[in-house]
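Inside the fold
So you can see what is in the structure, the chains are spelled out below.
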Number of protein chains: 2
Amino acid sequence: MQLGAFSVSLSVKDLATSQAFYEKLGFTVFGGNPEYGYLMLKNGEHVLGLFQGMFEGNILTFNPGWDQAGQPL
Amino acid sequence: MQLGAFSVSLSVKDLATSQAFYEKLGFTVFGGNPEYGYLMLKNGEHVLGLFQGMFEGNILTFNPGWDQAGQPL
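Let us look at the structure shown here. (Residues numbered from 1 in each chain as written. Chains lettered and ligands numbered in written order. Predicted model: local features only at pLDDT ≥ 70, side-chain atom pairs only at ≥ 80, totals over all residues. Heavy atoms only, no water.)

Here we look at the overall build of chain A
Rules: Secondary structure elements are taken from DSSP: a helix is a run of H or I of four residues or more, a strand is a run of E of two residues or more, and numbering for both begins at the N terminus. Radius of gyration: over C-alpha atoms. The globule rule applied is 2.2 Å multiplied by the number of residues raised to the 0.38 power. Burial status follows relative accessibility: with a 1.4 Å probe on protein chains alone, a residue under 20% of its type maximum counts as buried, one over 50% as exposed, and anything between as partly exposed. Here, two residues are considered to be in contact whenever any of their heavy atoms come within 4.5 Å of each other.
When helices and strands are counted, chain A shows one helix and five strands. Taken against the 2.2 N^0.38 rule, which gives 11 Å for 73 residues, the C-alpha radius of gyration of chain A at 12 Å falls within 12% of a compact globule. Split into buried and exposed, the 73 residues of chain A put 38% on the buried side. Look at the contacts in chain A between residues 6 or more apart in sequence, and 52% of them connect residues 24 or more apart.

Rendered as structure tokens:
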């Protein structure tokens, strides 16, 4: 079973603080919108989603049908 | 900054139950040892570590110096 693109969706307390933390680790923002309370960050093939006030806990997210670069599988 | 191989390390209550769950999602065991309370599973490039009784909470794990296939960077 190919689960598709994988990211970890983190529920964060402060989007800007978490963005700054992960940018120090080499992640860069490639999607999302702070006005809607979320940002998508990438370091190489590794994808993190930061979500403020959207859900509790953290989520392993799979997107069936896409590869890690967002291309159709 | 290249963070190296990435996996999610999950603290699980029952190693065998979690193994069965992730195997249904297409993950296969490639490392670890139930006698030592942990297993490493892979689905394509995606790596999960299941750990029973080793730590609390879940961990984003990076292994600097290795790529996702365990080869030197």
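Quick look at the sheet that holds strand 4 (residues 46-52) of chain A
Residues and elements named next belong to chain A. Let me state the cut-off plainly: Strand pairing is assigned whenever DSSP identifies at least 2 bridges connecting the two strands. Axis definition: a line fitted to C-alpha atoms, over the contacting stretch in the case of helices. Angles run 0 to 180 degrees between N-to-C directions.
Read from one edge to the other, the open sheet built from five strands follows the order 2-3-4-1-5, with strand pairing classed as mixed. Edge positions in the sheet fall to strand 2 (28-33) and strand 5 (59-63), since each has one partner strand and no second. Between one strand and the next, the sheet's axes are offset by a mean angle of 25 degrees, whatever the strand orientation. Summarising the sheet, strand 2 and strand 3 (residues 38-43) pair through five bridges and their orientation is antiparallel. Each bridged residue has a counterpart across the sheet, and for Thr-28 the counterpart in strand 3 is Lys-42. Packed on one face of the sheet, helix 1 (residues 15-24) meets strand 1 (5-12), strand 2, strand 3 and strand 4 and runs near 160 degrees to strand 4.

Digging into the sheet that holds strand 2 (residues 28-33) of chain B
Sheets are built from strands that pair by backbone hydrogen bonding, the pairs being arranged parallel or antiparallel. Residues and elements named next belong to chain B. Taking strand neighbours across the sheet as the criterion, the five strands line up as 2-3-4-1-5 in an open arrangement whose pairing is mixed. Each edge of the sheet is formed by a strand with only one pairing partner; in this case those strands are strand 2 and strand 5 (59-63). Going across the sheet, the axis of each strand differs from the next one's by a mean of 25 degrees, ignoring polarity.

Section: helix 1 of chain A
The test is simple: Note that the arc is defined by the directions from the helix axis to the C-beta atoms. Two N or O atoms count as a polar contact when they lie within 3.5 Å, although within protein this holds only if one can serve as hydrogen donor and the other as acceptor, and sequence-adjacent residues are included solely when both atoms are side-chain atoms.
Residues Leu-15, Ser-18 and Tyr-22 of chain A constitute the buried set of helix 1 of chain A. Looking straight down helix 1 of chain A, one finds its buried side chains confined to an arc of 70 degrees; they lie on one side. In this structure, helix 1 of chain A carries Ala-16, Thr-17 and Lys-24 of chain A as exposed residues pointing more than 90 degrees from its buried face. On the buried face of helix 1 of chain A, the contacting elements are strand 1, strand 3 and strand 4 of chain A together with strand 5 of chain B. Measuring from the side-chain oxygen of the N-cap residue of helix 1 of chain A to the backbone nitrogen of Ala-16 of chain A gives 3.2 Å; that N-cap residue is Asp-14 of chain A. Downstream of helix 1 of chain A by one or two residues, Gly-26 of chain A has phi in the positive range, about 95 degrees.

Function cannot be inferred from these measures alone, as they are strictly geometric.
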